[in-house]
Amino acid sequence: MSSPSRQADASPQAHKLIGRLKLVGAAMGLLGIVGAVIGALVDYKAFIETYLFAFVFWLALPLGGLFLLMVHHLVRGRWGAILRRPLEAAALTAPLFLLLFVPIALSPQSLYPWSIPEIVQASEVLRHKDLYLNVPFFLVRAAAFLGIWTLLAFVLRRWSLAQENTKNPGAYREYRTKLRILSALGLVALVLTDSFAMIDWVQSLEPEWYSSIYPMMTIVGQLLTAMTFFCLLVLGLRKTDALSEFVDADRLNDLGNLLLVFVVLWAYTEFVQLVIIWSGNTHHKIPWYLARSAGGWAWVIAAVVALQFFVPLFALFFRKVKRSPKLFIGLCALIFVMRLADVYWLVLPAFYDHEFVLLWQAFANWAAIGGLWLFAFAWLLGRKPLMTRSSKELFPEWRKAHGGR
Amino acid sequence: MTDSATLYGLMVEFDSPEALKDAARRVRDEGFEEVEAFTPMPVEGLDDILGHDDKWIAALVLAGALFGATLAFGMQTYSWVWDYPINIGGRPMFSWPSFIPITFELGVLFAALAGFLGMLLLNRLPKLHHPTFEVPGFDRVTSDRFFLMVSADDGRFDRHRTADFLDSLGGLAVSEVPS
C-alpha cells in the first residue's frame, strides 16, 4: 500500500470543530482564572477546597484517557480505533496537572489535617500514620505519580507516531508488540499509582478514616467521567470528514455498551463500600457517611444514584438509546453533570460535614482548570490526523476498499 | 390456492450467511411476511431484515426481574421488621443496604428464569416433531447450511409462483415442506 497523502488525511471539517473546542476552552479558562483569582482573594479557604474538587474532577480525563488507551492497545477493537487519537491527546495533558498541582502543594495545611503537627500530636492514629502521611513524602509521591503518568503518555504517543510513519512492515508490527507490552505493564502501574494518588489527595482529607475499595471506586468514577466525555466527543465529530466513514450506529452501540459497564461498575464499587461499612458499623468507619448524609448532603448522593445510575442503567439497556445520537448525547450530558455532583459530594463534606454548601468558587475553579484542560486537549488533538492507519485497518470495509494487508 | 393446504411452506437452501441475508432481503421486498430463517449460528442483522421485532421476551424478563426483586426485598423487610425483629449491633430494623444483595440476586434469577421459560413458551417448545425435518438435507442446518422458509400461511403464497421466485434467488435447492 502506498503512503496515503497527508493532504487526504487533513480532514478540515473535523479540525474546524476541534479549533472551535480550543476557543471554547480558552474562553472558559480565562473567565475561570479571573473568577478563581477573585475567589482566592476573597476567601482562600473556600478557594483551595473547591480547587481540589476541580482538580480531582478534571484529572479523570488524562487518567481515564490513559487507561482506555492502554486497554485499547491490549485488546484492540473498533470502539477504540475511533478513539485512539483523542485518548492519546487526553493522556498527553498529564504534565498540565503537574503545574495545576502547585496550589495544593503550596498549602497542604489548608486541606489535610495530617499536615498540621498539633492535630497529629493529639491523635494516636495520626501519630502512627505520620511515617506515610507527611508533607515531604506527600510531595515526592505526587511528583512521582504525575511523572509516571506523563512518561507513560509520552512513550505511548511516541511509539504510536513512529508506527504510523514507518514504511517497513516488520517495524510496523514490532511497534504494535511494543505498544502492547508497555500497555500491559503500564496498566498495572497506572492502577497502582492512581490508587495511591486518590488515597493521598482525597481519602486523606479525613485521615483517620480508611476504606480498601475507595481507590477502586474513585478510579471507576474517573473512567465513567472520561468515557462520557469521549462518547460526547465522538458524537460531536461523527459527521465530519474524519470519522463519518468509521462511526455508524454499530460503533455508537459499542460505546454505549462500554459506558454501561462503567455505570454498573461505579454503582457496584460505591455500594460495596457502603454495605461493608454498614455491616461493620464501627465508630472509626461511619463518620465518613455521617458527614456525607448530614444537612442535605444525602440529597446530593440520592440524586447521583438516581441520575448517574438508575436512569442511565435502564436507558442503556435499549439499543434505541445507544443508536440514536440525540438520546445518547442527552444521556452523556446527564452523566457528566452528575459526575460533578458526585465528586463534589466526595470532596467537600470533608470540610463541611454539618451542612450542604454550594460554593461559587467551585464553578470558577471548575471552569479555570476545565478550560485550560480543554484548550490543551483540543490543541494536542488538532495536531495530528484523527484516524491512524492502524486504526483504520481494524475496519474490514476500509481494508477491502484500500487493499490493505 | 387449494393445493397450499397440504404444504407447510417452501424452503430454499444457501451455503453462506451473506447469501441468506441477501435472499431474505429480496423475499421481504417481494412482500412476504411469514418468513423464517434457520441457521447454524446467530447471523447479525437477520432479525431486522425478517422484521422480527418481538418485544415479548424483553417484557417478560423485566417482569421477572421486578417480581424477583420485589419478592426478595419484601421478604427481608417482612421478616426483619415485623415477623422476627432481632437487634444486631444497634442497626435499624429496616436495614435496607444489607437487603440489596439478595434483592439483586433474586431479581437476576427470576429475570433469567422468565427469559428461559418465556422463550420455550413463545417458541412452543419442547416439540418432538416439526414439518421442516422432512426437508432433505435439513440436518445440515446445525453445521454449515442456511435455510430460508416462506410459510404457506403467507397471504401471497402460491405453490408454483413462490417456488419459481425462490428458485430465482440463487440458492442451492428449493424444497417443499409437507405439513
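Being a predicted model, the structure only gives us computed values, none of them experimental. (Residues numbered from 1 in each chain as written. Chains lettered and ligands numbered in written order. Predicted model: local features only at pLDDT ≥ 70, side-chain atom pairs only at ≥ 80, totals over all residues. Heavy atoms only, no water.)

Draft legend 1. View of the packing of helix 2 (residues 12-42) of chain A against helix 3 (residues 44-75) of chain A. Residues and elements named next belong to chain A. Across the interface, helix 2 lies against helix 3 with an axial gap of 7 Å and an inter-helix angle of 145°. Viewed along their axes, helix 2 and helix 3 form a crossing whose handedness is left-handed. Every residue of helix 3 that contacts helix 2 at Met28, Ala36, Gly39, Ala40 and Val42 is listed here: Tyr44, Phe47 and Trp58. (Axes fitted to C-alpha atoms, helices over the stretch in contact; angles between N-to-C directions. Helix = DSSP H or I, 4+ residues; strand = E, 2+ residues; numbered from the N terminus. Left-handed = near helix turned anticlockwise from the far one by under 90°. Contact = heavy atoms within 4.5 Å.)

Draft legend 2. Here's a closer look at the interface of chain B and chain A. Taken residue by residue, the interface counts ten residues in chain B and eight residues in chain A. Summed over both partners, the interface of chain B with chain A comes to about 730 Å²; 64% of that surface belongs to carbon and sulfur atoms. Along the contact surface separating chain B from chain A lie four residue pairs in polar contact (both at pLDDT 80 or more). When residues of the side of chain B that touches chain A are assigned to their parent elements, the largest contribution, five residues, is made by helix 4 (residues 96-122) of chain B. (Buried area = accessible area lost by both parts, 1.4 Å probe. Polar contact = N/O pair within 3.5 Å; in protein donor to acceptor, adjacent residues only side chain to side chain.)

Draft legend 3. Summary view of helix 5 (residues 84-91) of chain A. Taken across its eight residues, helix 5 of chain A has eight buried, putting it largely inside the fold. Buried within helix 5 of chain A are the following residues: Arg84, Arg85, Pro86, Leu87, Glu88, Ala89, Ala90 and Ala91 of chain A. (Buried < 20%, exposed > 50% of the residue type's maximum accessible area, 1.4 Å probe, protein only.)

Draft legend 4. Here's a closer look at the side chain of Arg145 of chain B. Residues and elements named next belong to chain B. Counting through the fold element by element, Arg145 comes out in the loop between helix 4 and strand 3 (146-151). Of the residues examined, Arg145 reaches a relative accessible area of 17% and is grouped as buried. Polar side-chain contacts of Arg145 include one of 3.1 Å to the side chain of Glu13. Contacts of Arg145, omitting those with residues within four sequence positions, involve Glu13, Phe14, Asp15, Phe38, Thr39, Pro40, Arg140 and Leu172.

Draft legend 5. Fine view of the pattern of salt bridges. Residues and elements named next belong to chain A. In this structure the tally under the stated criterion is 16 salt bridges over all chains. The partner of Asp200 in a salt bridge is Arg141, and the shortest N-O contact between them spans 2.4 Å. Separated by 59 residues along the polypeptide, Asp200 in helix 11 (residues 169-201) and Arg141 in helix 10 (residues 135-165) bring together distant segments of the chain. Relative accessible area serves as the criterion here: at 6%, Arg141 is assigned to the buried category. One salt bridge in this structure joins Arg339 and Asp342, with 2.6 Å as the shortest N-O distance. Of this pair, Arg339 and Asp342 both sit in helix 17 (residues 325-347), three residues apart, roughly one helical turn. Neither residue differs from the other here; Arg339 and Asp342 are each classed as buried. (Salt bridge = Lys/Arg side-chain N within 4 Å of Asp/Glu carboxyl O.)

Draft legend 6. How the structure looks around the confidence of the model for chain B. Looking at chain B as a whole, its pLDDT mean stands at 90, while 97% of the residues score no less than 70. Note on the complex model: pTM 0.88, ipTM 0.76. (pLDDT = per-residue confidence, 0-100.)

Draft legend 7. Summary view of the nonpolar core. With 133 residues, the main nonpolar core has Trp58, Ile82, Trp149, Trp201 and Trp373 of chain A as its most contacted residues. Every residue in contact with Trp373 of chain A, bar those within four places of it in the chain, is listed here: Trp58, Leu61, Pro62, Ala90, Thr93, Leu96, Phe97 and Phe229 of chain A. Judged by nonpolar contacts, the second largest core, of 24 residues, contains Leu20, Ile49, Phe146 and Phe157 of chain B. (Core = buried A, V, L, I, M, F, W, Y, C linked by side-chain atoms within 4.5 Å.)

Draft legend 8. Main features of helix 10 of chain A. When the terminal C-alpha atoms of helix 10 of chain A are compared, their 45 Å separation across 31 residues agrees well with the 45 Å that a helix rising 1.5 Å per residue should span. Sitting at the head of helix 10 of chain A, Asn134 of chain A places a side-chain oxygen 3.1 Å from the backbone nitrogen of Phe137 of chain A. (Expected span 1.5 Å × (residues − 1).)

Draft legend 9. How the structure looks around a negative patch on the surface. Residues and elements named next belong to chain B. Among the surface-exposed residues, Asp47, Asp48, Asp53 and Asp54 lie close enough to one another that they form a single negatively charged patch. Assignment of secondary structure puts Asp54 in the loop between helix 2 (46-50) and helix 3 (56-83). Here Asp54 falls in the exposed class, since its relative accessible area comes to 52%. (Patch = residues over 30% accessible without salt bridge, like charges linked within 9 Å, V, L, I, M, F, W, Y side chains within 5 Å. Areas by Shrake-Rupley, 256 points an atom, 1.4 Å probe, with all protein chains shown as cover. Lys, Arg positive; Asp, Glu negative; His and termini not counted. Charge placed at Lys NZ, Arg CZ, Asp CG, Glu CD.)

Draft legend 10. Representation of the sheet that holds strand 2 (residues 35-38) of chain B within the structure. All names here are of chain B. If you walk across this open sheet you meet the four strands as 2-3-1-4, and the pairing is antiparallel. Edge positions in the sheet fall to strand 2 and strand 4 (173-178), since each has one partner strand and no second. Geometrically, the sheet is characterised by an average inter-axis angle of 25° between neighbouring strands, direction not taken into account. Bridge count between strand 1 (residues 7-14) and strand 3: six bridges; the pairing is antiparallel. Bridge pairing links Phe14 to Phe146 in strand 3. Its contacts with the sheet put helix 1 (residues 17-29) on strand 1, strand 2 and strand 3, and the angle it makes with strand 3 is roughly 15°. Sheet strands touched by helix 5 (residues 159-167): strand 1, strand 3 and strand 4. Its angle to strand 1, the strand with the most contacts, is close to 10°. (Pairing = 2+ DSSP bridges.)

Draft legend 11. The packing of aromatic side chains, seen in detail. All names here are of chain A. The tally for this structure, following the rule as stated, stands at 43 aromatic pairs over all chains. With a centroid separation of 5.4 Å and 85° between ring planes, the pair formed by Phe57 and Phe336 is classed as edge-to-face. You can see Phe57 sitting in helix 3 and its partner Phe336 sitting in helix 17, a full 279 residues away along the chain. Comparing Phe57 with Phe336 shows no difference in burial state: the two are buried. Ring pairs connect the aromatic residues Phe55, Phe97, Phe101, Tyr112, Trp114, Phe138, Phe145, Trp149 and Trp201, which therefore count as one cluster. Here the guanidinium or amino end of Lys178 rests over the ring plane of Trp159, the centre of that ring lying 4.6 Å away. (Phe/Tyr/Trp six-rings, centres within 6.5 Å; stacked < 30°, edge-to-face > 60°. Lys NZ or Arg CZ within 6 Å of the ring centre and 35° of its normal.)

Draft legend 12. How the structure looks around the environment of Ala63 of chain B. Residues and elements named next belong to chain B. Topologically, Ala63 is positioned in helix 3. By relative accessible area, which is 44% here, Ala63 ends up partly exposed. Expressed as a C-alpha distance, the spacing of Ala63 and Ala114, which sit 51 residues apart in the sequence, is 7.9 Å.

Draft legend 13. Seen up close, the confidence of the model for chain A. A residue-level look at chain A finds 97% of positions with pLDDT of 70 or above and a mean pLDDT of 93. Every residue in residues 1-8 of chain A scores below 50 in pLDDT, and together they form six contacts with partners more than four places removed in sequence or on other chains.

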